[in-house]
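Tertiary structure, described
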Amino acid sequence: MTKRFALGIFEDEDVLLHAVENVREAGVKIYEVFTPFPIHGIDDALGIERSRLPIAAFFFGLTGLSFALWMQIYMLGFDWPMIIGGKPHIALPAFIPVTFELTVLFCCHGMVITFYAISKLYPRWKTPVLDVRSTDDKFVMAIEVNENTDMNKLTQILRENGASEVNQKEMSKF
Amino acid sequence: MATLTHQESATAEYLEVTPGTRKNFMLIIIAGVVMLIVGVIVSLFGGGGHEAAEGAAAAHGATAAHGAAAAHGGGEHHSSAPWLKRIIVSLWHNNVFFTGVSAIGTVFMAIQYVAYAGWSVVVKRINEALSAWLIPGLVIMLVVFGLNFINYDLFHWTVPGIMEKGNADYDAIIAGKSGFLNVPFYIIRMVIYLGLWIYFTKRLRDLSLAEDLHGGTAYFHKSINVSALFLVFYAVTSSMSAWDWVMSVDVHWFSTLFGWYVFASWWVSGIAAVTLCAILLKQAGYLPLLKDGHLHDLGKFMFGFSIFWTYLWFSQFMLIWYANMPEESVYFNQRLGGFNGQYTWLFYANLAINFVFPFMVLMTRDAKRQMIMLKIVSIAILIGHWSDFYLMFMPGTMKGENGFIIEIGIALIFLGSFLILMTKRLAQASLTPVHHPFLDESVHHTT
C-alpha cells in the first residue's frame, strides 16, 4: 500500500521542537519525525507513549536468572555432583556470579533483539527513507496526507513554524 | 515538560528555620538523651551479672574458633563496665557514620562539577549543607579516640605493651602492624583526612557563595579545578580512613576492598540524605524548580548505588567464604552465628533492607518519580546503612554484650545535632544558586 507524506524540512532542533508543539496544537497529526540525533524532550512533545520494553527486559532477566540457577543446580547438584573447595554440591554463594552474568546477558540480548524486531531494524533489500538528508543535517517532520488534505494550509502551517522547505513524497511498504 | 522557553525565572529563596522546626530537632535530641539514660539504667540493673557471664562465654567461644588470635586475650580483662563501653563504641560508630555521610555532600558536588553536570544544580545547596558536620565530626572523633584510652574499649591495638616483645599482652600480629597503627601517626592521619575534607568543603562553599554575589563563569571554572583536586585526595583518604576508623577495630582481620565497601555505604547514605532533604524541602514549599526529573535521577543514584554496595558486600563475602581461611573467615563467623547467633538476624536484615528493598521498590520508572516511594526508600537506606556500620563495629568491640537502646539514643542525639547544623547552613544562602552557569540546564532537565 502506498502512502503519501508531506515533509517539512527543518534546519534546527530547537525550531523543530517548537514546531512539533505548534503543529500538533493546530490539529495536525504528525506521522513521525526523523532526526540525525536524539533530541531531548521530543518524545513528550510528540505525545509518544512510553515504551513497554522495560517490561520485556524484566521477563528476559527473570528467564536468565531461572535458567542460570536451574543449570547450575542441575549440573552440579544432580547430574554430575562434584566436591569443589569442600563446599556443598549446591553452594548458592558460588552460583551468584554466574547467575548475575546470565541474567544480564539474557536481559540485554533479549532487549536488543526485541527492540530491533519491533522497530523493523533488520537487513532488508530496500530501506524506506523519506528524505536521506535526515541522516545528515536536516530534521524531517512527516505528515500523512490524502486527497482531502488542504495542502496549501498545511504548507503554510509548516512554513510559519520554521520549515525551510515543504515537500511531498510517496512511499510504499512503510 | 519539554518547553524550552525561558520564562521560569530563578529568584533567590531563603530557607526559614521556624522555631517549631528547631523545637522538633531539640525534641529528637531530648528523646535521644532519654533513651540513653534508660539504656544505661537497664544496663546497670537489668541482671547484668548473668548477661556478662554469658557474653564472656560466647566471646571465649569465638576466640577459640579464631586460631590466629588464640595467643591474645589479655586485653579482655580490663574493659569498662558494659554501659560505658557501649557509650564509647556507640559515639564512635555514630560519628564515623555521620561524618562520612557529611563528607559525601562535598564529594557528590565535586563529582557533578568535574562531570560538567547540569541537572544537579537545584540540589547543590543541600550538598553544601550536608557537609556542615565535618568540623564537629573531627572534634568528636578526637575526643572519642581519647575516651578509648580509659579502658582501650575501641581499639585493641592501643593496649599498652601489646607491641612489646616479652610483655604479657604481646601480640605478634599486631606488633607487625606497628608501623602504621601507632597512636601519633593515627591521630596525624585522622587530622589530615578530615582537615583536607574540611578545607576543600570550605573552598567550594566560598566559591559558591561568591558566585551568588558576583555571577560569571570564573567561579565555576575554579570550582572544577578545586573539585578535581579534592576527588584525588578523597579517593585515597576515604579508603584509608575506612581502614583506620573501621577496619582497625578488628585488628587481626583485613580485607583489601574494605575501603570501597565503607565508601559505598557512606555514598549511598549520602545520596539518600540529599534526596530525603530535597523532598522534605519541596513538601515544605521550597525548591520550586525541583521537578520529577531531578527526583528521578536521585532515585536512579539510590537504586544503582544500593546495587553497587551489594556488589562490594558480596565480593568481600564470597571470596572469604570460598577461601575459608581462618584469619579471614573469623569476621563472618562472628557475624553469622557467633556470640550465640545474636548478630545473625541483623546480618540478613542488613542485606534485605539495603539491597532487596531498594532494588524491588525503585525498579520501575514511576517509583523513582514519586516522592512517597523515594522518601520511604531513603529513610530505609539511612537506617539500613547505620545498621551496616553497627554490624562493622559491634562484634569487634562489644563482642556479645551489644545492645540497642543506648545506641539508638546516641544516634538520635547525633541526628538532632546534625539537622540543627545542616539547616543552619542551608538557611545561610539562597536555596537556588541563582548565578550558577548551569542553572538553566538544571531547570529544563528532563529524563
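Residues numbered from 1 in each chain as written. Chains lettered and ligands numbered in written order. Predicted model: local features only at pLDDT ≥ 70, side-chain atom pairs only at ≥ 80, totals over all residues.

Let us now look at the overall build of chain A. Counting its regular elements, chain A contains five helices and four strands. Counting helices and strands in the order they occur from the N terminus, chain A gives β-α-β-α-α-α-β-α-β. Judged by the C-alpha coordinates and their principal axes, chain A covers about 80 × 30 × 25 Å. Counting the 174 residues in chain A, one finds 18% classified as buried. (Helix = DSSP H or I, 4+ residues; strand = E, 2+ residues; numbered from the N terminus. Buried ≥ 20, exposed ≤ 12 C-beta atoms within 10 Å, placed from the backbone.)

What follows deals with the overall build of chain B. Within chain B, the regular secondary structure consists of 17 helices and zero strands. Computed over its C-alpha atoms, the radius of gyration of chain B comes to 23 Å, within 12% of the 22 Å expected for a compact globule of 447 residues. If you line up chain B on its principal axes, its C-alpha atoms span 75 × 45 × 40 Å. Across the 447 residues of chain B, 44% fall into the buried class. In chain B, 83% of the contacts between residues at least 6 apart in sequence involve partners at least 24 apart. (Rg over C-alpha atoms; globule rule 2.2 N^0.38 Å. Contact = placed C-beta atoms within 7 Å.)

Secondary-structure assignment places Ile150(B) in helix α5 (residues 134-151). Owing to 13 C-beta atoms within 10 Å, Ile150(B) belongs among the partly exposed residues under this scheme.

Attention now moves to the confidence of the model for chain B. Model confidence for chain B is summarised by a mean pLDDT of 89, while 91% of its residues fall at 70 or above. Scored by ipTM, the complex comes to 0.78, with pTM at 0.87. (pLDDT = per-residue confidence, 0-100.)

Quick look at the interface of chain B and chain A now. Across the boundary between the two partners, chain B contributes eight residues, which contact ten residues of chain A. Residues that form the side of chain B that touches chain A fall into these classes: seven nonpolar, one polar and no charged. (Nonpolar A, V, L, I, M, F, W, Y, C, P; charged D, E, K, R; others polar.)

By way of backbone hydrogen bonds, the strands of a sheet pair with one another, either parallel or antiparallel. Residues and elements named next belong to chain A. Pairing is antiparallel across the open sheet formed by four strands, whose spatial order is β2-β3-β1-β4. Looking at the sheet topology across the chains shown, the edges are occupied by β2 (32-34) and β4 (165-172). Shown here is a sheet whose adjacent strand axes are inclined to one another by a mean of 30 degrees, direction ignored. Pairing between strand β1 (residues 2-10) and β4: eight bridges, direction antiparallel. Its bridge partner lying in β4, Gly8 is registered against Val166. Helix α1 (residues 13-25) rests against β1, β2 and β3 (139-145) of the sheet, and its axis sits at about 25 degrees to β3. (Pairing = 2+ DSSP bridges. Axes fitted to C-alpha atoms, helices over the stretch in contact; angles between N-to-C directions.)

Turning our eyes to something else, we now look at unusual backbone geometry. Backbone geometry at Lys120(A) places phi at a positive 55 degrees, although glycine is not the residue there. Looking at the secondary structure, you find Lys120(A) in the loop between α4 (92-118) and β3. A tally of 11 C-beta atoms within 10 Å means that Lys120(A) is categorised as exposed. Of note in this structure, Tyr116(B) is not a glycine but carries a positive phi near 55 degrees. Tracing the backbone shows Tyr116(B) in the loop between α3 (82-114) and α4 (124-130). Residue Tyr116(B) is classed as exposed on the basis of its C-beta count, with 11 C-beta atoms lying within 10 Å.

It is worth spelling out the packing of α3(B) against helix α7 (residues 183-214) of chain B at this point. All names here are of chain B. Interaxial distance between α3 and α7 falls to 10 Å at its minimum, and their mutual angle equals 55 degrees. For the element pair α3 / α7, the angle class is oblique. You can see that α3 and α7 cross each other, and the crossing is left-handed. The residues of α7 that touch α3, namely those facing Ala103, Thr106 and Met109, are Trp197, Phe200, Thr201 and Leu204. (Parallel < 35°, antiparallel > 145°, perpendicular 65-115°, else oblique. Left-handed = near helix turned anticlockwise from the far one by under 90°.)

Moving on to the environment of His40(A). As for its position among the elements, His40(A) is in the loop between β2 and α2 (42-46). A C-alpha to C-alpha distance of 31 Å links His40(A) and Leu62(A), two positions 22 residues apart in sequence.

With that out of the way, let us pick up the nonpolar core. By size, the foremost hydrophobic cluster in this structure holds 107 residues, and its most contacted members are Val268(B), Ile271(B), Val274(B) and Met302(B). In contact with Val268(B), other than residues within four places in its own chain, are Met302(B), Phe305(B), Ser306(B), Trp309(B), Ile381(B) and His385(B). (Core = buried A, V, L, I, M, F, W, Y, C linked by C-beta atoms within 7 Å.)

All names here are of chain B. Between helix α13 (residues 344-361) and helix α15 (residues 371-397), the least distance of the axes is 9 Å, while the angle of their chain directions is 155 degrees. Taken together, α13 and α15 sit at an angle that is classed as roughly antiparallel. Of the two elements, α13 crosses α15, and the hand of that crossing is left-handed. Counting all contacts with α13, which are made through Leu346, Phe347, Ala349, Asn350, Ile353, Asn354, Phe357, Pro358 and Val361, the residues of α15 involved are Met373, Val377, Ala380, Ile381, Ile383, Gly384, His385, Ser387, Asp388 and Leu391. Taken together, the residues that form the contact of α13 with α15 break down as 13 nonpolar, five polar and one charged.

What follows covers α15(B). The end-to-end C-alpha separation of α15(B) is 39 Å, in line with the 39 Å expected for 27 residues at 1.5 Å each. One or two positions beyond α15(B), positive phi appears at Lys399(B), with a value near 50 degrees. (Expected span 1.5 Å × (residues − 1).)

Right, let's talk about the pairing of β1(A) for a bit. As judged from the seven bridges shared by β1(A) and β3(A), these two strands associate in the antiparallel manner. Within the sheet, the bridge partner assigned to Leu7(A) lies in β3(A) and is Ala142(A).

With that out of the way, let us pick up the pairing of β3(A). Residues and elements named next belong to chain A. Among the seven residues in β3, five count as buried, and that is most of the element. Looking at chain direction, β2 and β3 are connected through three bridges and run antiparallel. Bridge pairing links Phe34 to Val140 in β3.

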